[in-house]
Amino acid sequence: MSPDNSSLPHQRSTALLTDMYELTMLEAAMRDGTASRRATFEVFARKLPNERRYGVVAGIPRVLEAVSDYFFTEDQLRTLDFLSKKTIDYLRQFSFTGQIDGYREGELYFPYSPILTVRGTFAECVVLETVLLSILNADSAVASAAARMVTAADGRPIMEMGSRRTHEYAAVTASRAAYLAGFESTSNLEAAHRYGIPAAGTSAHAWTLLHVDDEGQPDEVSAFRSQVAAQGVGTTLLVDTYDVTRGVANAIEVAGTGLGGVRIDSGDLGSMTRRVRKQLDSLGAYNTKIVVSSDLDEFSIAGLRSDPIDSFGVGTSVVTGSGSPTMGMVYKLVEVDGHPVAKRSRGKAMTGGAKRALRTYRSTGTAIEELVVPFTASDPEVGDAQTRTLTVPLIRDGAVVPDQPSLRQSRDYLAQQLVTLPWEGLALSRDEPAIGTRFVGFDKA
C-alpha cells in the first residue's frame, strides 16, 4: 500500500486483535452448523457523543488493511487451546472472502448511518468485530473532534502535538486522523514519515531553562540566539518561560524584525496575545506570527477567534477525541440467510436488514437528510432534491477494491462535505444532529 495508508505497527497478522468471545462464538457455530450461514453485519452509532452534531468516518484504509492481514500464524494458533481441532483447522486456512461496503473515509455520518456493511459467512464476519470497531471508533473520534477544531479556528492553521498524551502508536494514527480533518501539520515524526504529513516543531521550555550564565541565572537571550543560529530567523521562539514581555523583547533583539513567530503556552491567551501583538508591532515585527498552545480544544479555540492569533497547537484534546475517545460505534448482525434480524433490547433497538445510504441536498448544495434504504432497493423518490450515494464498494470477494483514495484526497473530500452542512449544523453545542437520518422501505416491527 502507499505510505499514507499503512498501519502501525506493521505486524502481518491482525487475527489476535480481537476479543475471546468472537472465537468462542465461532467454536459453537462450528459445532451446531451455523458457521456457514450467510450473514450481514453492520457498523453504526446510536448517537453522537458530547453534543456533536456530526461524525467523521476515519480509518477506512486501516480497516481494509486489517481485513487483508487477518490470518492466523502457527504461533498464534498454539495459544488458542480453548478451541477444538476442527475450529483450529478452520482458522489455519482463514481468509476473509466476503464483501464489505461502506462510507468512504472523510464522509460525514449521523446516528444510525450504516457506516460499514460486512457480508459473508457468519464465521468469517463475526471474527472481525473487534479489530474493525477498534480502528473506526478511535480514528473517527479523533477526526470528529479535530474537524470541530478546524471549524472553530476559522481558517487559521492547527498543528497536532499530542503524542505525549496517548499510547505511542495511537499517537501516530491520531496524527493521521487529525490531518484528515484539516490540521496542517504534526509534531510526530513517525506520522510524518508513514503518512506524508508535514512535520513542525521548534523547542520546549527545557531548551530555554538549559541556558544559564556562569552564576546559574537564566539566560534566555543565549537560548534564543542558539536556536536562531541553528534554525534561522524564520523559527518560532517560545517566549513565556519567564516573563512574556521580556521574552518578546529578547526574541526581537536576537532575531530582528524578520522573526518567524513567537509561541505562548500559558496564561490568559486572549489578553496576552493582544498585548504581544501590540508589542511586536511597536518593535516593527509586523510579520512575526503568534502561535498559541496550552490545553486548547474546540471551545477555547472558538473563544479566541477575535484575538490576534495566527495558528494553534493542540495536543491532549485532539488525541483523546476531545473527551470522547470513542464514537460509540457497534457491530451488529442485521441479516441471516436473507432474513432481517434485529436486537430489541430497551434503549438499543435497531432496524434489521442489510442497508445502504444516500444523502439529499438542496439546489444550493446544502445537505437535507440521510436516507437509509434496503441494500438491494432502488433509490427512493426525493422530489426536487439532489441525491448522492454514500455507500460504496470497499472489498469484493475478499480483495480490496482498487484505487482507494489517498489520505490527501480524503482530506480534501471531508473539507468539501463540511461546507454542505447547514450553518447551524456546525454549532459546537446543540443536542440534535446537523441533519436527520430516515429509514425508507423497511417493514415496521
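Every chain begins its residue count from 1, and numbering advances along the sequence as written. The predicted nature of this model means local features are confined to residues of pLDDT at least 70 and side-chain atom pairs, given and counted, to a pLDDT of 80 or more, with totals for whole chains, interfaces and linings taken over all residues. Excluding hydrogens and water, the side-chain values take into account all heavy atoms of the structure.

Student: Whenever I open this one, the overall build of the chain confuses me. Can you help?
Tutor: Only DSSP runs of H or I covering at least 4 residues are called helices, and only runs of E covering at least 2 are called strands; the numbering of each starts at the N terminus. Broken down by element type, the chain carries 15 helices and 19 strands. In the chain, which carries 46 positive and 54 negative side-chain charges, the distance between the mean positions of the two groups comes to 5 Å. Counting rule for charge: Lys and Arg are taken as positive, Asp and Glu as negative, and neither His nor the chain ends is counted. We put the charge of a Lys on NZ, of an Arg on CZ, of an Asp on CG and of a Glu on CD.

Student: I tried to follow the UniProt feature "domain: Nicotinate phosphoribosyltransferase N-terminal" (unreviewed entry) in the chain on my own but got confused; where do I start?
Tutor: UniProt positions are given in the numbering used here, feature names are shortened, and annotations may be inferred rather than shown by experiment. As annotated in UniProt, the feature "domain: Nicotinate phosphoribosyltransferase N-terminal" (unreviewed entry) corresponds to residues 16-137 in the numbering used here. The span residues 16-137 is 40% helix and 19% strand, and its two end C-alpha atoms sit 18 Å from each other.

Student: Is there a simple way to explain the nonpolar core in this structure?
Tutor: Note that soluble globular proteins tend to have their nonpolar side chains buried in a common cluster. Residues Ile301, Phe312 and Val318 are the most contacted members of the largest nonpolar core, which totals 60 residues. Top contributing element to this core by residue count: helix H6 (residues 129-153), with 8 residues. Residues grouped as a nonpolar core are buried Ala, Val, Leu, Ile, Met, Phe, Trp, Tyr and Cys residues, joined through side-chain atoms within 4.5 Å. A 1.4 Å probe rolled over the protein chains alone gives each residue an accessible area, and that area as a share of the maximum for its type sets the label: buried under 20%, exposed over 50%, partly exposed in between. One finds Val57, Ile60, Leu64 and Leu116 within the second-largest nonpolar core, a separate group that totals 53 residues.

Student: Looking at this structure, how should I read the packing of helix H2 (residues 60-68) against H6?
Tutor: Each pair of packed helices gets described by two things: the angle between the helix axes and the distance between those axes. All axes are obtained by fitting lines to C-alpha atoms, using only the stretch in contact for helices, and the reported angles, taken between N-to-C directions, cover 0 to 180 degrees. In contact at an axis separation of 9 Å, H2 and H6 are set at 165° when each is read in the N-to-C sense. Taken together, the axis directions place H2 and H6 in an arrangement best described as roughly antiparallel. The interaxial crossing formed by H2 with H6 has right-handed handedness. The segment H2 lies against H6, with Ile60, Arg62, Val63, Ala66 and Val67 engaging Val131, Leu132, Ile135, Leu136 and Asp139. An angle below 35 degrees is read as roughly parallel, one above 145 as roughly antiparallel, one from 65 to 115 as roughly perpendicular, and any other as oblique. Here a crossing is taken to be left-handed if its near helix is turned anticlockwise relative to the far helix by less than a right angle, and right-handed if that turn runs clockwise. Here, two residues are considered to be in contact whenever any of their heavy atoms come within 4.5 Å of each other.

Student: Whenever I open this one, the packing of aromatic side chains confuses me. Can you help?
Tutor: Aromatic ring pairs are defined here through the distance separating the ring centres and the angle between the ring planes. Only centres within 6.5 Å qualify two rings of Phe, Tyr or Trp (six-membered ring in Trp) as a pair; their planes then separate them into stacked at under 30 degrees, edge-to-face at over 60, and tilted for everything else. One pass over the structure, following the stated rule, counts 7 aromatic pairs. Consider the rings of Tyr70 and Phe72, whose centres lie 5.7 Å apart with planes at 85°: the pair is edge-to-face. As far as the burial class goes, Tyr70 and Phe72 line up, both buried. Ring centres 5.5 Å apart and planes at 70° place the aromatic pair Tyr70 and Phe94 in the edge-to-face group. Of this pair, Tyr70 sits in the loop between H2 and helix H3 (74-78) while Phe94 sits in the loop between helix H4 (85-92) and strand S3 (99-103), placing them 24 residues apart in sequence. Remark: a charge is flagged as sitting over a ring if the NZ atom of Lys or the CZ atom of Arg is within 6 Å of the ring centre and within 35 degrees of the ring normal. The positively charged end of Arg104 is found above the aromatic ring belonging to Tyr413, 3.9 Å away from the centroid. In this arrangement the basic side chain of Arg176 is found over the ring face of Tyr195, its NZ or CZ atom lying 5.6 Å from the centre.

Student: Quick question: what am I supposed to make of the sheet that holds strand S15 (residues 367-374) here?
Tutor: Neighbouring strands of a sheet are bound in pairs by backbone hydrogen bonds; such pairs are parallel or else antiparallel. In this analysis, strands are considered paired if DSSP registers two or more bridges between them. Read across the open sheet, the 4 strands follow the order S16-S14-S15-S19; overall the sheet is mixed. Every interior strand has two partners, whereas the edge strands, strand S16 (386-389) and strand S19 (436-439), have only one. Direction aside, neighbouring strands of the sheet carry axes that sit 30° apart on average. Note that strand S14 (residues 355-361) and S16 share 4 bridges and pair antiparallel. For Thr360, the partnering residue across the bridge sits in S16 and is Thr387.

Student: Explain the sheet that holds strand S17 (residues 391-396) here, please?
Tutor: Taken in spatial order, the 7 strands make up an open sheet running S13-S12-S1-S5-S3-S17-S18, and their pairing is antiparallel. A single partner strand is all that each edge strand has here, and the edge strands are strand S13 (339-340) and strand S18 (399-400). Direction of pairing for strand S1 (residues 38-45) relative to strand S5 (residues 116-121): antiparallel, over a ladder of 6 bridges. In the strand pairing of S5, Glu42 is matched with Thr117. Along the sheet, H6 makes contact with S1, S5 and strand S12 (329-336), crossing S12 at roughly 135°.

Student: Looking at this model, I keep getting lost on the environment of Lys355. Mind explaining?
Tutor: Mapping Lys355 onto the fold places it in strand S14. Since its relative accessible area comes to 1%, Lys355 is described here as buried. Each C-alpha atom of the pair Lys355 and Thr376 lies 8.0 Å from the other, and the pair is 21 residues apart in sequence. Once residues within four sequence positions are removed from consideration, Lys355 is found in contact with Glu42, Pro114, Thr117, Val334, Val372, Val373, Pro374, Phe375, Phe439 and Phe442. Polar contact is defined as a pair of N or O atoms within 3.5 Å, subject to the rule that within protein one atom must be able to donate a hydrogen and the other to accept it, and that residues adjacent in sequence are counted only when both atoms are side-chain atoms. One polar contact links the side chain of Lys355 to the main-chain carbonyl oxygen of Thr351, over a distance of 2.6 Å.

Student: How should I be thinking about the pattern of salt bridges in this particular structure?
Tutor: A pair can form between side chains of opposite charge whenever their charged atoms are brought close. The term salt bridge refers to a pairing of a side-chain nitrogen on Lys or Arg with a carboxyl oxygen on Asp or Glu at a separation within 4 Å. Taken as a whole and assessed by the stated rule, the structure comprises 24 salt bridges. Close ionic contact of Asp69 with Arg12 constitutes a salt bridge, the shortest N to O distance being 3.0 Å. Placement of the pair is Asp69 in the loop between H2 and H3 and Arg12 in the segment before helix H1 (20-32), with a sequence separation of 57 residues. Overlapping salt bridges, with partners in common, bring together Glu74, Lys85, Asp89 and Arg92 in one network.

Student: It is not clear to me how the pairing of S12 should be interpreted in this structure. Could you clarify?
Tutor: The two faces of the sheet receive side chains in turn, since in a regular strand these alternate between them. The element S12 is extensively covered by neighbouring structure, given that 6 of its 8 residues are classed as buried. Two strands pair when backbone bridges link them, and S1 and S12 are joined in this way by 7 bridges, in the antiparallel orientation. When the bridges of S12 are listed, Phe44 appears paired with Val330. One ladder, built from 2 bridges, connects S12 with S13; its direction is antiparallel. Residue pairing across strands places Val336 opposite His339, the latter belonging to S13. The antiparallel hairpin formed by S12 and S13 contains 2 residues in its connecting segment, where Asp337 sits at a positive phi of about 50°.

Student: Just to check I follow, could you spell out H4 for this structure?
Tutor: Since one α-helical turn is 3.6 residues long, residues separated by three or four positions face the same way. For H4, every residue scored as buried is listed here: Thr87, Ile88 and Leu91. Each buried residue of H4 lies within a common arc of 100° when the element is viewed along its axis, so the set occupies one face. For H4, the exposed residues set more than 90 degrees away from the buried face come down to Lys85 and Lys86. In this structure, the buried side of H4 is in contact with H1 and H3. Think of the arc as the fan of directions from the helix axis to the C-beta atoms.

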